[in-house]
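Analysis of the macromolecular model
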Amino acid sequence: MPNNDRLLSIIRGRCAEAVIRTDDYRGDATVVIRPERLLEIARVLRDDRELAFDLLLDVTCVDYLGQQPRFELVYHFYSTRHRHRLRLKARVPESDPTIDSLVPLWVGANWLERETYDMYGICFRGHPDLRRIYLYEEFEGHPLRKDYPKEKRQPLIGPGSKGTYKPRPPEIPHAHRVEGMLGAELMRVQLGPSHPATHGTVRIVLDLDGETIVNADVEIGYLHRGFEKECESGFYYQAIPYTDRLNYSSAILCNVGYCMAVEKLFGVEVPLRGQFVRVIGGEISRIADHLLCIGATALELNAFTPFLYALEARELAWDLINALCGARVTSNFVRIGGVSADLPEGFAELCQQNFKRILELVADAEGMLLENPVFRARMEGVSIMSPERLIAYGVTGPLLRAAGVDLDLRRAEPYLIYDQLDFDVPLGSQGDNLDRFLVRLTELRQSIRIVEQCLRLIPPGPVDVDDPALRLPPKGRVFNRMEDMINQFKLVTEGPKPPPGEVYFAIESANGELGYYLVSDGTGKPYKCRARTPSFSNTQPLAEMVRGRLLADIVPTFDMINMIGGECDR
Amino acid sequence: MATRTVTVQRPAPMDAPQGVVRSGAAVLKGMWIASRHFWRNFWGFVRGKPTVFTVQYPEERLQQPPAFRGMPVLVQMENGKERCVACGLCEWACPTDCITIYPAETDDEIERYPRVFDIDMSRCMFCGLCEEACPEEAIVMSHRVEIAAFSRRGTVWHKEDLLVPLRELETTRFPHIRRTYESPAAE
Amino acid sequence: MVKITVDGREIEVAGDTMLLPALIEAGIHVPHYCWHPKLSIDGSCRMCQVEVEGSPKLVIACNTPVREGMVVRTDSPRVINARRGVMELLLVNHPIDCPICDKAGECLLQDYSYNFGTRQSRTEEPRRKLEKRKDIGPRMILDQERCILCRRCVRFCREITKTNELAVFNMGDRSVLDVLPDTPLANDYSMNTADICPVGALETKDFHHKLRVWFLKKTPSVCPSCSNGCNITIQHYRNQIWRLMPRRNDAVNDTWMCDHGRLNYAFAHDTERLRLPMLRRGDKLEPCGWDDAVNRVTEALRNAAKRGAPERIALLASAHFTNEELYLLGQLARVLELRHVDVPVVVGTGDGFLIQPEKAANFTGARELGLAPRNGGRDVAGILELARTGQLDVLYVCGADIARLFETSVWQEALRAVPTVVVQDLFTEPLGRFAHVLLPSLSWAEKSGTFTNRKRRVQQIHRALDPPEGQLSDGEIFARILAQLVEGDWRFEPAAVFAKLCAEFPAFSGLSFTRLGLHGEQLGV
Ligand code: SF4
Ligand code: SF4
Ligand code: SF4
Ligand code: SF4
Ligand code: FES
């Protein structure tokens, strides 16, 4: 465990007058600062050798309607060197909701700040491109503000709208300027929002010089559905099915992260068997996720047969998930304080059988791809980005590990029972698309190894915490006992109520760090429920990765980024 | 910590001249893999034990595990009536607000019943939270999944459509319910 | 005021009360069943036990007087244990009825079990069997199994209504609550027993098995049924009222309301409500646009006024309108220099407690705003006489509850003789069918504004139900008519109109919409 006291005292020492308050709640180190000093403190956080917060994970805001000042900006940082975390907060008033942009220090702050601007109307001073990111320019108001009613409807952009979508104006580098000739202008091409070669709904506005990409503007938000607003309007337990729909190719991992964040708010830990079941479910989800990524990549590079093999293998993984929780995709498996069901009978045998076939199919798919000259030509050496640049963008997960950075939360800050397991964390050496592909292939096999270990090691016992304030009583007791009946009623109608406070909790999901930031006001509904999703941060560098490369390179790069629309757009 | 990092092994570069040879070999290997799959399926077909992965719905249907969550239905008791007493917990617990209940009084011993019990299947996401909330085990996730309809109104299922005899449910979802909701904390 | 120490915190409380009300006043929640602010002390439930320094045993806070320097603990292990014990005893014989009990969601047994009980039961014994669903009166039913014998209802019938219908029979663990033989619980306030019953033992037939309470949205309002102006909460869901409940206001209704008022709400969401304006074409009324209807009214008023005779126009309004609406009507009368203006009220019986003889909420408001015949104008009877004898060109009747003042035949004869009859009402019956212009009106649940009760207290009502899109409120109709007759800023916005009204009428001076709050304010002299 990192030493928060030491961390906080260093920060207090470095920037004493800028810090208003520090605290350490449930293991989260928090620093509250004066908003006007943000840039200065952020620079210290990043550049100080003892702090070295190189990863800006998240930027968001909490609307404390009725308080002065009203808006609280919340930043989450991580240090890949020291493996410690920090939350930074600063309040800005409603009359002037402005704060310095962190884009000069972390290029990845760009999208995060745009999102905060879109959702809360916070203005970031010095931001290079402050426009809405999910919603259209004509949208009135900022939907995550507490005084924006959830039921409010606005006409979608359409005929009669001003049509003010403004892609970044092309900055034509010198090499592409052809003076006074026909075709001197760049050609603008819209890739998407629905394009057969992108799995996910996203629009990429390209400025092409022939086949060469001069500029790319990635427009996301086509799958934005107000995840945070929806969670804030329901009870904690009602948000679990919505987390399924973040990364729908590995829903259980999203469930696990959310429920563990809520448990962190409560300060409880599920029993050992429950932890094993969560790891088993989560790793099978990771297998399914990687299989989809691998298969879809093959498909989009025109290799149809390996795609079918990968999907057949994924179907087998989904069969396991189905046996576990009754649905292939929308698992809704994990509960606050446990899981919805223990392992079904005969699960170990089923796993053994399906894993065997999955490995065969993966080997077949791999055998068809890795020596194939077309596949190699489109993957090898394509879209390399340096580890430092990736980190500045806030990239995590297989994408970052393929660039050789050893950052896997299961290893870096083991949660659940990962510290009791044997597994390898694959790293790449060159950081190109091929490395990214290979990292996923290896991780998939490691996940099978993890599940097999868990099935061997899993102890008997309960899967749920024995706490009537968290888990619904068994039905048998509800039917016959008064207190339990009442407890059932109250837990359903008012929901479990965590003590006031705030936590951030992250797991290693299939695409990287999936973190939840929850603020509790002591009621049964989250005051703020934020999902920091890897797809969002990982998609941001796409434009830079493909700039100067050929149009054809977008497809494999986008595949390897593995943007999942539900997770990216929330 | 028992984890370690490994660096993934990249295949040898495909430079000429061996690259040309390896490319040719790769084509042959691909054909070999694909034909293996073909023969496997073919033999399965000949032997009457198909190994084809695709299921020919609706002629064929998958056997679902007990945990399977299909559409939520109402348990119908032996006497033909619903077990539900219109307590409203499922209606409240449902994240998508797709259940509508109007309670009313009856002369039966249990004095209350749902006069109206509608589920809008176009909004239901088969999450099963209603089943967990129900204090009477009266709404359960069945193994039924066919909810397609030609109109918006057609996706609203009324009480009569939702009733499923207890006998059918006993062989599908109930084994799972018994196991998960009663054990392990029950004595 | 005396100082006491509660849970290590020193607070100041009134010196002449018992500990429980003092603690509640100070915002410290102590669970209790039998104590009620408006009833005598019973001391039977033992739920309110607290630890007081100096007394060896726990004491019940509801029957322990406050003393200077008292040191109280409401959260010590002993207190917590004692509550657990009480809860377990109460629940051991309680029927497992929550799924079919109307109280679930606002039941103190549920709340205290969840917050102060064990949450997990030790027993599974069969429960005692008593009478369920017992019909004990025209509006009430009793479930004896659920009763926890707190005797609030018994004290209510003894002390408030003095009718003594309810009593606890037998002794010890065989005690049951019941009505006396041949004495149904039928008094005019019987439904209050369901409010004060901490559990689901007493239930009103009206709300029985209707809706889960947690769906209800609550809007503070005032009962429109008589001039007492009892404070109520409109509880609504899906744009429909499900029940009215009294809201505490010690200056008006304590915590009670009468059964008649409580049950008088269904008209507000009746599907037969008039929702579109209508114009007469031949002998039929046909729906028309709002502009057409309002134009028609102004035209008729203007023509009649032009013909030289404000005498030939009469205005009748019901005392169900808010002060703001009546103020605009007053402006209309002033602009047209009308003399025949009356706001009559149906008079019934009162009982000297809450029920008042005037059967409309804002009767006093109308008087205060000077809406009465002036300069020799006629009252309602005189106006009808004028109408019958053909001396009126326009008769504008707002709010047809005043129809009850006379037989329908009297109205019929009078209205038939007037060339332009304008009726503004909730329904087509009883007067609408004689109208030439029929304007839909809004019920009290659909609008915001103020009522002045019989004791000259101005109290606010708030919109609970949403009228159909596009329907004008009564105030907006008056404002539109006024705007066509004279220049001026006639927009209808209750708060703004109220401010104007306060500036104009000395009795109202100094009041403001926001300051009225939940409990209203008294008019000046
Ligand atoms: S399954 Fe989920 S969405 Fe469907 S009715 Fe039940 S609670 Fe609602
Ligand atoms: S929770 Fe069960 S008993 Fe209650 S209304 Fe729903 S189905 Fe009926
Ligand atoms: S009185 Fe309260 S505890 Fe008893 S059945 Fe009704 S809701 Fe449940
Ligand atoms: S019926 Fe209700 S109010 Fe009356 S004694 Fe029983 S619990 Fe108390
Ligand atoms: S409230 Fe004090 S004994 Fe009942």
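Residues numbered from 1 in each chain as written. Chains lettered and ligands numbered in written order. Predicted model: local features only at pLDDT ≥ 70, side-chain atom pairs only at ≥ 80, totals over all residues. Heavy atoms only, no water.

1. Here we look at the interface of chain B and chain A
Basically, it comes down to this: In what follows, a contact means two residues having at least one pair of non-hydrogen atoms within 4.5 Å. Buried area adds together the accessible area that both of two parts lose upon being put together, with accessible area traced by a 1.4 Å probe. Within this document, salt bridges are pairs made up of a side-chain nitrogen of Lys or Arg and a carboxyl oxygen of Asp or Glu, the two lying within 4 Å of each other. Here a polar contact is taken to be a pair of N or O atoms separated by no more than 3.5 Å, where protein atoms must pair a possible hydrogen donor with a possible acceptor and residues adjacent in sequence count only if both atoms sit in side chains. Strands here are runs of E lasting at least two residues and helices are runs of H or I lasting at least four, both read from the DSSP assignment and numbered beginning at the N terminus.
On the chain A side, the residues contacting the 56 residues of chain B number 70 residues. Together chain B and chain A conceal approximately 5,300 Å² of surface at their shared face, both sides included; 56% is due to carbon and sulfur atoms. Ranking the residues of chain B by area buried against chain A places Val8(B), Arg10(B) and Phe53(B) at the top, with a combined share of 14%. Summed over the shared surface of chain B and chain A, the result is six salt bridges. On the surface where chain B and chain A come into contact, there are 31 residue pairs in polar contact (both at pLDDT 80 or more). Residue assignment for the side of chain B that touches chain A shows that the elements contributing at least two residues are β1 (3-7), α1 (18-46), α2 (89-93), α3 (129-133) and α6 (174-182) of chain B. The element that contributes the greatest number of residues to the side of chain B that touches chain A is α1(B), accounting for ten residues.

2. Remarks on the interface of chain C and chain B
Heads up, the rule is: Each residue is assigned to one of three groups, with Ala, Val, Leu, Ile, Met, Phe, Trp, Tyr, Cys and Pro labelled nonpolar, Asp, Glu, Lys and Arg labelled charged, and all others, Gly among them, labelled polar.
Contacts between chain C and chain B engage 16 residues on the former and 23 residues on the latter. Surface buried jointly by chain C and chain B totals about 1,600 Å² across both partners, of which 54% is contributed by carbon and sulfur atoms. Area buried by chain C at its contact with chain B is led by Arg133(C), His209(C) and Trp214(C), which between them contribute 38% of it. Linking chain C with chain B are four salt bridges. A salt bridge links Arg133(C) to Glu111(B), with the shortest nitrogen-to-oxygen separation between them at 3.6 Å. Counting the contacts that link chain C with chain B gives ten residue pairs in polar contact (both at pLDDT 80 or more). When its residues are assigned to classes, the side of chain C that touches chain B shows seven nonpolar, two polar and seven charged.

3. Here's the deal with the site of ligand 1
Basically, it comes down to this: Here a residue is near a molecule or strand as soon as one of its heavy atoms is found within 4 Å of it.
The local shell around ligand 1 consists of Cys94(B), Pro95(B), Thr96(B), Cys98(B), Ile99(B), Cys124(B), Met125(B), Phe126(B), Cys127(B), Gly128(B), Cys130(B) and Met141(B). Across the shell around ligand 1, the residue classes tally to ten nonpolar, two polar and no charged.

4. Observations concerning the domain arrangement of chain A
Residues and elements named next belong to chain A. Quick reminder of the rule: For each domain, the first and last residues come from an automatic or database assignment.
The domain boundaries assigned to chain A delineate domain 1 (5-125) and domain 2 (227-533). Contact residues are listed per partner, giving 30 residues for domain 1 and 31 residues for domain 2. Together domain 1 and domain 2 conceal approximately 2,500 Å² of surface at their shared face, both sides included; 50% is due to carbon and sulfur atoms. Our count for the contact surface shared by domain 1 and domain 2 stands at eight salt bridges. Among the salt bridges present, the one from Glu-502 reaches Arg-87, with a minimum N-O distance of 3.3 Å. Across the domain 1-domain 2 interface, the total number found is 17 residue pairs in polar contact (both at pLDDT 80 or more).

5. Some points on the packing of helix α6 (residues 251-266) of chain A against helix α7 (residues 272-300) of chain A
Residue and element names in this part refer to chain A. So the rule is basically this: Axis lines are fitted to C-alpha atoms, over the contacting stretch for helices. Their N-to-C directions set the angle, which ranges from 0 to 180 degrees. If an angle is under 35 degrees, it is roughly parallel; if it is over 145, roughly antiparallel; if it lies from 65 to 115, roughly perpendicular; otherwise it is oblique.
Interhelical geometry of α6 versus α7 gives an angle of 140 degrees and a closest axis separation of 7 Å. As far as their axial angle goes, α7 and α6 are oblique. Each of Ala-251, Ile-252, Leu-253, Val-256, Cys-259, Met-260 and Glu-263 in α6 lies in contact with α7, whose residues at this interface are Arg-278, Gly-281, Gly-282, Ser-285 and Arg-286. Taken together, the residues of the contact of α6 with α7 break down into six nonpolar, three polar and three charged.

6. Comments concerning the domain arrangement of chain B
As far as domains go, chain B holds domain 1 (19-54) and domain 2 (72-182). The centre of domain 1 of chain B, based on its C-alpha atoms, is set 48 Å off from the matching centre of domain 2 of chain B.

7. Overview of the site of ligand 3
Near ligand 3, the surroundings consist of Met482(A), His94(C), Asp97(C), Cys98(C), Cys101(C), Ala104(C), Cys107(C), Leu109(C), Gln110(C), Val199(C) and Gly200(C). When the residues that make up the shell around ligand 3 are grouped by side-chain class, the tally is seven nonpolar, three polar and one charged.

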